[in-house]
Amino acid sequence: MNDKLLITGASGYIGNYLFGQFKKENFDVLGTYFRNKKEGLLYFDLEKMSIDELRINLKKIRYVIILAAANAKIDESKIHWGYNYKINVVRVKSLIDYCFKHNIVPIYISSDGVFDGLKGNYREEDERNPINSYGRIRYEVENHIINSKKPYVILRAGRLFGTNIEDGTLITDMLKDMRRGKSLKCATDQVFTPLYIKDLFNFVKIIIKKKYTGIFHLASLKATNRYEIARAIQNFFKLKNVKIYPCKINSLGLLDKRAKLTDLNISKYKSLTGHEEKQIEHFLRMINE
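Let us look at the structure shown here.

Definitions and cut-offs
What you see as residue numbers is a count from 1 along each chain, following the sequence as written. Two thresholds apply to this predicted model, a pLDDT of at least 70 for residue-level local features and 80 or more for giving and counting side-chain atom pairs, whereas whole-chain, interface and lining totals are computed over all residues. Note that the side-chain values use all heavy atoms of the structure and ignore hydrogens as well as water. The set of buried Ala, Val, Leu, Ile, Met, Phe, Trp, Tyr and Cys residues whose side-chain atoms join them within 4.5 Å is what this entry labels a nonpolar core. To sort residues, take the accessible area from a 1.4 Å probe on protein chains only and compare it with the maximum for the residue type: under 20% means buried, over 50% means exposed, and anything in between is partly exposed. Secondary structure counts use DSSP, requiring at least four H or I residues in a row for a helix and at least two E residues in a row for a strand, with both numbered from the N terminus. A contact between two residues is defined here by any heavy atoms of the two lying within 4.5 Å. In this scheme, strands are said to pair when DSSP sees at least two bridges between them. Fitted lines through C-alpha atoms serve as axes, helices being fitted only where they are in contact, and the angles separating the N-to-C directions of these axes extend from 0 to 180 degrees. Angles are sorted into four bins: roughly parallel if under 35 degrees, roughly antiparallel if over 145, roughly perpendicular if 65 to 115, and oblique for all others. Whether a crossing is left-handed or right-handed is set by the direction in which the near helix is turned from the far one by less than a right angle, anticlockwise for left-handed and clockwise for right-handed.

**Some remarks on the nonpolar core**
A general tendency of soluble globular proteins is for nonpolar side chains to be buried together. I7, F22, L155 and L200 are the most contacted members of the largest nonpolar core, which totals 57 residues. With seven residues, the single largest contributor to this core is helix α6 (residues 197–210). Those residues in contact with L200 that lie beyond four places of it in its chain are I14, L18, I109, L155, L160, L195 and L218. Within the second largest apolar cluster, 28 residues are counted, among which are I66, L95, Y108 and Y152.

This is how it looks when you write it as structure tokens:
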């Protein structure tokens, strides 16, 4: 019998993928939506509601997967700081406290943005020092969770990507832009470790099965940058007429600061699962048109 789990923000890309995969594998899973109504999900306004108001049997819920609820992009986090802080820090802390009170394990999807990007190859125990609004939000929630001394899971990742051409993620969006003939300016000095959405699901499933707790770094590709990714896409799909210009991240006129070396060391993840990073071509072959 699987432990029951609840996914907040299950109408967004990550949450909806996880919800669908758990459903396919016959897990006892519930999901919530706020603005983006989807069939099978429960309405939940994190700003104004408690889980009690979902009218579900809390005694059966063992895990709550917590995803960002508002303005999840870096610059938007700065622009809408007040609202974003209220929802993704104050209200998420309240949700986490609720979980702890009811012996529910929160699974918090965090980010490599909690690091300042000065050294790269970050391990789970390395010092965190976020340099932008997005990272500070994750940092504050992480601190709240860690300081609780209760069982928890924090999953840190770089950019998530999928292989459905319409999923709006890193690699597929680049491919669509190139096929439209759009020239790309891609940073060479921002290094990160992208995570395939299915690898995230598979590890969450292992966490539930094995009852792991703690902090885990996840990745599906070795440390890379957007320029390398764009060139790999161009070569794989033979898009010879597309112009890709290397640049520095700070030349792009972005509103908030960007950490440069945020690649994650995933030795712990590897030791628990046998997982190994794959070449980007492995995922390019999987793109579903």
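**Some remarks on the sheet that holds strand β1 (residues 4–8)**
Strand order in the open sheet made by the seven strands is β3-β2-β1-β4-β5-β6-β10, with parallel pairing throughout. If you trace the sheet from one side to the other, it starts and ends with β3 (42–43) and β10 (214–217), each paired once. Relative to strand β4 (residues 61–66), β1 runs parallel, the two being bridged by five bridges. Residue pairing in the sheet places T8 in a bridge with I66 of β4. This element, helix α4 (residues 133–147), spans β5 (105–109), β6 (153–156) and β10 of the sheet and lies at about 160° to β5.

**Observations concerning the packing of helix α3 (residues 81–101) against α4**
A pair of packed helices can be characterised by two numbers: the angle between their axes and the separation between those axes. For the pair α3 and α4, interaxial distance at closest approach is 10 Å and the crossing angle is 20°. One element, α3, and the other, α4, form an angle in the roughly parallel class. For the pair α3 and α4, the sense of crossing is right-handed. Contact residues: W81, N84, Y85, N88, V89, V92, K93, I96, D97 and F100 in α3; S133, R136, I137, E140, V141, H144 and I145 in α4.

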